[in-house]
Amino acid sequence: MSGGFLDDSAFSDQRPRRADSYQITDLLFLGFNSRVLAMDRDTGALIWSWKAPKGRSSYVAVLVDDGQLFVSIDGYTYCLDPFSGDQLWFNGLKGFGYGLPTLATAEQHTNSAGAAEMRAREQRRRNSSAQ
């Protein structure tokens, strides 16, 4: 899926990062189209955006736990600073293949069942269009 303003190569998030003025509970994180966004959960203002250097998928698993933001796209896994979007680490999980990720810690988890259904619908639509 593409065509949104974030796919525009001219798009640049020039807003100043205000990491010192937010608590983790003030933020809403969204993941889609190989991107992660942080928004002010009360106003909807975009705080930062990040595009994965590896992995190209409409489904992005996002997990916040203990002040860390974990992201997985097509099997590539990242840790981002939740206040700035800066990439802290990366693990390509070489040898494990690609697919729809699910993230979990002892306290939190993501559920990829909805994403799996979405991907199945996309595949059925492509198959019927090809016939």
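The preceding data block contains the structure.
Numbering of residues starts from 1 in each chain and follows the order in which that chain's sequence is written. Selection of residues for local features in this predicted model requires a pLDDT of at least 70, selection of side-chain atom pairs for listing and counting requires 80 or more, and totals for whole chains, interfaces and linings are taken over all residues. Processing note: side-chain calculations cover all non-hydrogen atoms of the structure and skip hydrogens and water entirely.

**Student:** What is the right way to look at the pairing of strand β7 (residues 87–91) in this model?
**Tutor:** Successive residues of a regular strand alternate their side chains across the two faces of the sheet. We call two strands paired when DSSP finds no fewer than two bridges between them. Secondary structure counts use DSSP, requiring at least four H or I residues in a row for a helix and at least two E residues in a row for a strand, with both numbered from the N terminus. Direction of pairing for strand β6 (residues 76–80) relative to β7: antiparallel, over a ladder of four bridges. Looking across to β7, one finds that Thr77 is bridged to Asn91.

**Student:** Whenever I open this one, the sheet that holds strand β4 (residues 61–65) confuses me. Can you help?
**Tutor:** In space, the four strands of this open sheet follow the order β4-β5-β6-β7, with antiparallel pairing throughout. Of all the strands in the sheet, just β4 and β7 have a single pairing partner and so form its edges. Here the average twist between neighbouring strands, direction ignored, is 20°. The pairing of β4 with strand β5 (residues 68–73) spans five bridges and is classified as antiparallel. Bridge pairing in β5 links Asp65 to Gln68. To obtain an axis, a line is fitted to C-alpha atoms, over the contacting stretch when the element is a helix, and the angle between two such axes runs from 0 to 180 degrees between their N-to-C directions.

**Student:** Looking at this model, I keep getting lost on the nonpolar core. Mind explaining?
**Tutor:** It is characteristic of soluble globular proteins that their nonpolar side chains tend to be buried jointly. Buried Ala, Val, Leu, Ile, Met, Phe, Trp, Tyr and Cys residues form a nonpolar core when they are joined through side-chain atoms within 4.5 Å. Classification of residues uses two cut-offs on accessible area relative to the type maximum, computed with a 1.4 Å probe and protein chains only: under 20% is buried, over 50% is exposed, and between them is partly exposed. Counting 17 residues, the largest nonpolar core has Val36, Trp48, Trp50, Leu69, Val71 and Leu80 as its most contacted members. Breaking this core down by element, the ones donating at least two residues are β1 (27–32), β2 (35–40), β3 (46–51), β5 and β6. With six residues, the next largest nonpolar core counts Ala61, Leu63, Phe70 and Cys79 among its residues.

**Student:** How should I be thinking about the sheet that holds β1 in this particular structure?
**Tutor:** Within a sheet, neighbouring strands are paired by backbone hydrogen bonds and run either parallel or antiparallel to one another. Strand order in the open sheet made by the three strands is β1-β2-β3, with antiparallel pairing throughout. Each of the sheet's edge strands pairs with one partner strand only, and the pair in question is β1 and β3. Strand-to-strand twist of the sheet, defined as the mean angle between neighbouring strand axes without regard to direction, takes the value 15°. Taken together, the six bridges between β1 and β2 define a ladder with antiparallel strand orientation. Within β2, the position partnered with Phe32 by the bridge is Arg35.

**Student:** Just checking my understanding: could you explain unusual backbone geometry for this structure?
**Tutor:** Both trends apply: most residues other than glycine have a negative phi, and most peptide bonds are in trans. Notably, Asp66 is not glycine yet its phi reads approximately 55°, a positive angle. For Asp66, a relative accessible area of 74% puts it in the exposed group. Non-glycine residue Leu93 carries a positive phi angle of around 50°. Along the chain, Leu93 turns up in the loop between β7 and α1 (113–130).

Coordinates in, geometry out; function isn't part of it.
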